[in-house]
Amino acid sequence: MSNDFLNILNGRAASTPVVLAPLAGITDLPFRQLVASFGASWVVSEMVASQEMVQAKPGVRERAELGFDQDGTAVQLAGRDAQWMAEAAKMVADNGAAIIDINMGCPAKKVTTGYSGSALLKDPDHALTLIEAVVNAVDVPVTLKTRLGWDHDCLNAASVAKRAEDAGIKLVTIHGRTRCQFYKGSADWAAIKDIKDAVSIPVIANGDIVDAETGAQAMKLSTADGIMIGRGAQGRPWKLAQVSAELAGGSGPIAPTGSDLIDLVSKHYEAMLTFYGAELGRKVSRKHLGWYMDDAATPTGLRKAVLTEKDPTAVLRLLPEALDREGQEAA
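Where do I start with the overall build of the protein chain in this structure?
Counting its regular elements, the protein chain contains 16 helices and nine strands. The C-alpha atoms of the protein chain give a radius of gyration of 20 Å, which matches the 20 Å a tight globule of 331 residues would have. For the protein chain, the spread of C-alpha atoms along the principal axes amounts to about 60 × 45 × 35 Å. Residue burial in the protein chain is summarised as follows: out of 331 residues, 53% are buried.

Explain the nonpolar core here, please?
Side chains of nonpolar character tend, in soluble globular proteins, to be buried together. The biggest cluster of nonpolar side chains holds 58 residues, and the ones touching the most others in it are I102, M104, I131 and I169. Element by element, the count of residues in this core is highest for helix α7 (residues 124-137), at six residues. Once residues within four sequence positions are removed from consideration, M104 is found in contact with G117, S118, L120, L121, A127, I131, L144, K145, T146, R147 and V160. The next biggest cluster of nonpolar side chains, apart from the first, holds 19 residues, and it includes L264, V265, Y269 and M293.

Explain the layout of surface pockets here, please?
Rolled over the atoms, a probe sized like a water molecule indicates the empty space that remains. Counted as a void, the largest pocket has a volume near 1000 Å³. Those elements giving two or more residues to the lining of the largest pocket turn out to be β3 (48-49), α3 (50-54), β4 (73-78), α6 (109-112), β6 (142-147) and β9 (226-229). Residue classes in the lining of the largest pocket are distributed as 19 nonpolar, 15 polar and 10 charged.

What am I meant to see in the packing of aromatic side chains here?
Each pair of aromatic rings is reported with the distance of its centres and the angle of its planes. Under the criterion given, the structure shown has three aromatic pairs. With a centroid separation of 4.9 Å and an interplanar angle of 85°, the aromatic rings of F5 and W42 are classed as edge-to-face. Taken together, the residues F5 in helix α1 (residues 3-9) and W42 in strand β2 (residues 42-44) connect sequence positions 37 residues apart. By relative accessible area, which is 0% here, F5 ends up buried. Ring geometry for F38 versus W238: centroids 6.3 Å apart, planes at 70°, classification edge-to-face.

Would you mind going over the packing of helix α12 (residues 258-276) against helix α15 (residues 312-322) with me for this structure?
Each pair of packed helices gets described by two things: the angle between the helix axes and the distance between those axes. At a minimum axis distance of 10 Å, the contact between α12 and α15 shows a crossing angle of 165°. Between α12 and α15, the angle is such that the two are roughly antiparallel. Note that α12 runs across α15; the crossing there is right-handed. Residues I262, V265, S266, Y269, E270 and L273 of α12 pack against P312, V315, L316, L319 and P320 of α15.

How do you make sense of the side chain of N156 when you look at a structure like this?
With respect to the secondary-structure elements, N156 resides in the loop between β6 and α8 (157-167). Within the local environment of N156, its side chain forms a polar contact with the backbone oxygen of L121, the two atoms lying 2.8 Å apart. Discounting residues that sit within four places of it in the chain, N156 has contacts with L121, P124, L148 and G149.

Could you clarify how one ought to interpret the packing of helix α14 (residues 300-308) against α15 in this entry?
Orientation of α14 relative to α15, taken along the N-to-C sense of each, is 155°, at an axis distance of 9 Å. Classed by the angle they form, the pair α14 and α15 counts as roughly antiparallel. Viewed along their axes, α14 and α15 form a crossing whose handedness is left-handed. Packed against α14, whose contacting residues are L302, A305 and V306, the element α15 presents V315, L318, L319, E321 and A322 at the interface. Classifying every residue of the contact of α14 with α15 by side-chain character gives seven nonpolar, no polar and one charged.

Honestly, helix α10 (residues 212-222) in this entry has me stumped. Any pointers?
Because each turn of an α-helix spans 3.6 residues, side chains separated by three or four positions end up pointing in the same direction. Among the residues of α10, those classed as buried are A212, T214, G215, A218, M219 and S222. All buried residues of α10 lie within an arc of 165° about the axis, which places them on one face of the element. Every exposed residue of α10 that faces more than 90 degrees away from the buried side is listed here: E213 and K220. Residues of α10 that are buried make contact with α9 (192-198), β8 (203-206), β9 and α11 (239-247). One side-chain oxygen at the N-terminal end of α10 lies 3.3 Å from the backbone nitrogen of E213; it belongs to D211. One or two steps after α10, the chain reaches T223, where phi turns positive at roughly 60°.

What should I look at first to understand the pattern of salt bridges in this one?
Opposite charge on two side chains lets them pair, provided their charged atoms get close. Counted according to the given criterion, the structure contains 13 salt bridges. Ionic pairing is found between D125 and R163, a salt bridge with its closest N-O pair at 3.0 Å. Note that D125 is positioned in helix α7 and R163 in helix α8, a separation of 38 residues in sequence. Overall, the relative accessible area of 35% leaves R163 in the partly exposed class. The shortest N-O distance in the salt bridge between D166 and K162 comes to 3.5 Å. With a gap of four residues between them, D166 and K162 both fall in helix α8, about one helical turn apart. Using a relative accessible area of 33% as the deciding quantity, one classes K162 as partly exposed.

Conventions adopted
Residues numbered from 1 in each chain as written. Predicted model: local features only at pLDDT ≥ 70, side-chain atom pairs only at ≥ 80, totals over all residues. Heavy atoms only, no water. Helix = DSSP H or I, 4+ residues; strand = E, 2+ residues; numbered from the N terminus. Rg over C-alpha atoms; globule rule 2.2 N^0.38 Å. Buried < 20%, exposed > 50% of the residue type's maximum accessible area, 1.4 Å probe, protein only. Core = buried A, V, L, I, M, F, W, Y, C linked by side-chain atoms within 4.5 Å. Contact = heavy atoms within 4.5 Å. 1 Å grid on protein atoms, 1.4 Å probe; cavity = no way out; pocket = protein on both sides within 12 Å on 5 of 7 lines; lining within 4 Å. Points joined across faces, edges and corners; volume = space filled by probe spheres on them. Nonpolar A, V, L, I, M, F, W, Y, C, P; charged D, E, K, R; others polar. Phe/Tyr/Trp six-rings, centres within 6.5 Å; stacked < 30°, edge-to-face > 60°. Axes fitted to C-alpha atoms, helices over the stretch in contact; angles between N-to-C directions. Parallel < 35°, antiparallel > 145°, perpendicular 65-115°, else oblique. Left-handed = near helix turned anticlockwise from the far one by under 90°. Polar contact = N/O pair within 3.5 Å; in protein donor to acceptor, adjacent residues only side chain to side chain. Arc of directions from axis to C-beta. Salt bridge = Lys/Arg side-chain N within 4 Å of Asp/Glu carboxyl O.

Following this line, the structure appears as structure tokens:
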């Protein structure tokens, strides 16, 4: 388990924890390992459906296994049935997961129509049965990620967090929006303070935090114990380490450029091919390569060539030119 995680639980965190958010289809093993290599406080797996995990549905168990024996990794579980949640929690804990996170924040319709994710905010009593089942099933720390409420007529995160704390939850992460806001508008960091005031366990602020400036503002308004970054890390796996260092008054890793960036992206691409297999890895890699090329201002034609090329060897040959920011600026 990450020392940073233990330190925040014990109130001994020397600096602001900066955590990688769970992002479906993005925070897979290759990306999480890359982010962790720069020094993130801890990282969270993609959301894993508990029943499908236990029943070994294709692709589901693999997502959870990404966290096994990986220091500083939490495995996030979602579900609506206490039995399946408990069984899945036991399964991932027995296989080495050091932290289990319960998802009560996903706003996606396919999740909420199954009465999972943020839909649980509409039924706190039922949500507590899931929390209690997971906490009682495992010996590892259990955390909770949720939102401010279902909508602005149901802003109940503070009371839910307090009940979760009483049930044994060790830390709670709050996205500063309601479910019905999805990702529209701006995250309300000040509203997170209500949750922080309601509990004695650590609180992590999430939503629209992309750099040290927004991180500092979120910390100030929410009085949270740490911050979580999701979309701000896309194409910038070094970003969390930078933000952490800057919030502490120092300087973090310099964003790689030139041959260092080409080497990083090439290795990330190869790691995805190895993890998923060539065919699926090529498809999964497109989003990540696209984000890297966004920052490099890759010309449209070259960008399209990289993203449509089916031969991995050819992609690796194209990357040096595609990521040559200095050459593109000179042109």
